[in-house]
Amino acid sequence: LNIENGLRRALDNDTELFLEFQPQVELAGGRMIAAEALLRWRTPEGTVIPPGRFIPIAEETGLIVPIGEKVLRSACAALARWRAAGLPMPRVAVNIAAPQFESRKFGETVAAALAEFNVPADRIELELTESVIVRDADAALRAMARLKELGVSIALDDFGTGYSSLAYLSRMPIDLVKIDRAFVMRTTEDESARTIVRSIVALSHALRHKVVAEGVETRAQLTQLRRSGCDYVQGYLLARPMSEAALTAWLSSPI
Ligand code: G
Ligand code: G
Ligand code: MN
Ligand code: NA
């Protein structure tokens, strides 16, 4: 399979690219505060190709821009369906790759997707990684300010894996910091990982950002994260990424 050609074909139909959704849950009350949209690709032969394999190629070829726009529109469409059904879906978080964020039209693309599906901006959260910021920090800060004007939330994804994190953290108009699962994984075995998590939480809170821990797989990790003062958790322990239908069922009958 040629991934680039396959992606071009997938962009032209409505059957191959689809989203799964993984809940993010408030640690204190167990309330779902958002679901992260995660892209999946099922080829006509029925093979599911994981994003780790095709997102890097989509980024290299520039296809991530139209693919990302499709993801954004699909996320808004799903939100509109949950709202129409009267279901309590607070927010959907959408991953944004650097080439999307750097496109001058990105703010318009987001605004158009919200308008098309009549979704209030505060229902969408954009997950950006540090890689979108390090290339041109001033341009990135301006682009973020424009997104905040629209009213969407901004999350800093994979926090702790990049560099210059601390300098940027204080300057960016972000709402949430997502602690990378590499730290979460080690938090029960490794005192230094616990220290890092506690420090990220303290720093984020001092800057008035909420903190999400991702990749939470065990009760022991959950306990540690609660002790660290983490606000929200996401991971297989709470729920795996699931289809729109499965999340609809989840929302209809909360546990
Ligand atoms: O979904 P996991 O389920 O395997 O995702 C693997 C990686 O792919 C993660 O780093 C995730 O951020 C990224 N990813 C998933 N969906 C999207 C998407 O819609 N856009 C971008 N840019 N990255 C995505
Ligand atoms: O980079 P980003 O945070 O967007 O990636 C999210 C990725 O993490 C997705 O691939 C998602 O399927 C995966 N994921 C979500 N929860 C867990 C978990 O508890 N354990 C592991 N190993 N991966 C997870
Ligand atoms: Mn993410
Ligand atoms: Na992440």
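Preceding block: the structure.
What counts and how
Residues numbered from 1 in each chain as written. Chains lettered and ligands numbered in written order. Predicted model: local features only at pLDDT ≥ 70, side-chain atom pairs only at ≥ 80, totals over all residues. Heavy atoms only, no water. Donors = N, O, S within 2.8 Å, 3.2 Å for Na, K, Ca; no water. Tetrahedral: all angles 85-135°; square planar, octahedral: opposite > 155°, others 65-115°. Buried < 20%, exposed > 50% of the residue type's maximum accessible area, 1.4 Å probe, protein only. Near = heavy atom within 4 Å. Polar contact = N/O pair within 3.5 Å; in protein donor to acceptor, adjacent residues only side chain to side chain. Areas by Shrake-Rupley, 256 points an atom, 1.4 Å probe, with all protein chains shown as cover. 1 Å grid on protein atoms, 1.4 Å probe; cavity = no way out; pocket = protein on both sides within 12 Å on 5 of 7 lines; lining within 4 Å. Sits in = over half its atoms within 2 Å of the grid points. Helix = DSSP H or I, 4+ residues; strand = E, 2+ residues; numbered from the N terminus. Nonpolar A, V, L, I, M, F, W, Y, C, P; charged D, E, K, R; others polar. Contact = heavy atoms within 4.5 Å.

**Quick word on the coordination of the sodium ion (ligand 4)**
The expected angle between donors at a tetrahedral four-coordinate metal is 109.5 degrees. At an octahedral six-coordinate metal it is 90 or 180 degrees.
Right, so step 1: Protein-derived ligands of the sodium ion (ligand 4) are D157 (OD), D158 (OD), E214 (OE) and E214 (OE), with the metal-ligand distances lying across 2.0 to 2.6 Å.
Right, so step 2: Every donor counted, the six donor atoms about the sodium ion (ligand 4) form angles of 52 to 149 degrees at the centre, which fits irregular coordination.
Right, so step 3: Coordination of the sodium ion (ligand 4) draws on donor residues from a single chain, spaced D-D-x55-E in sequence.
Right, so step 4: By relative accessible area, which is 6% here, D157 ends up buried.
Right, so step 5: Take E214: its relative accessible area is 10%, and that puts it in the buried class.

**Structural notes on the site of ligand 1**
Right, so step 1: Near ligand 1 you find L38, L39, R40, P51, I55, V71, N95 and A97, and these make up its full shell.
Right, so step 2: Measuring from a nitrogen atom of ligand 1, one finds a backbone N or O atom of L39 at 3.0 Å.
Right, so step 3: Note that an oxygen atom of ligand 1 is positioned 3.4 Å from one of the side-chain N or O atoms of N95.
Right, so step 4: Relative to its unbound accessible area of 490 Å², ligand 1 is 71% covered by the protein chains.
Right, so step 5: When atoms are counted within 2 Å of each cavity's grid points, the one that captures over half of ligand 1 is the largest pocket.
Right, so step 6: Here the shell around ligand 1 takes three residues from strand β2 (residues 32-42), the largest share from any one element.
Right, so step 7: A class-by-class count of the residues in the shell around ligand 1 yields six nonpolar, one polar and one charged.

**As for the side chain of T187**
Right, so step 1: Position of T187 among the secondary structure elements: in the loop between α9 (181-186) and α10 (191-206).
Right, so step 2: Classification of T187 as buried rests on a relative accessible area of 0%.
Right, so step 3: Contact partners of T187, with chain neighbours within four places excluded, come to A193, R194, Q221 and Q224.

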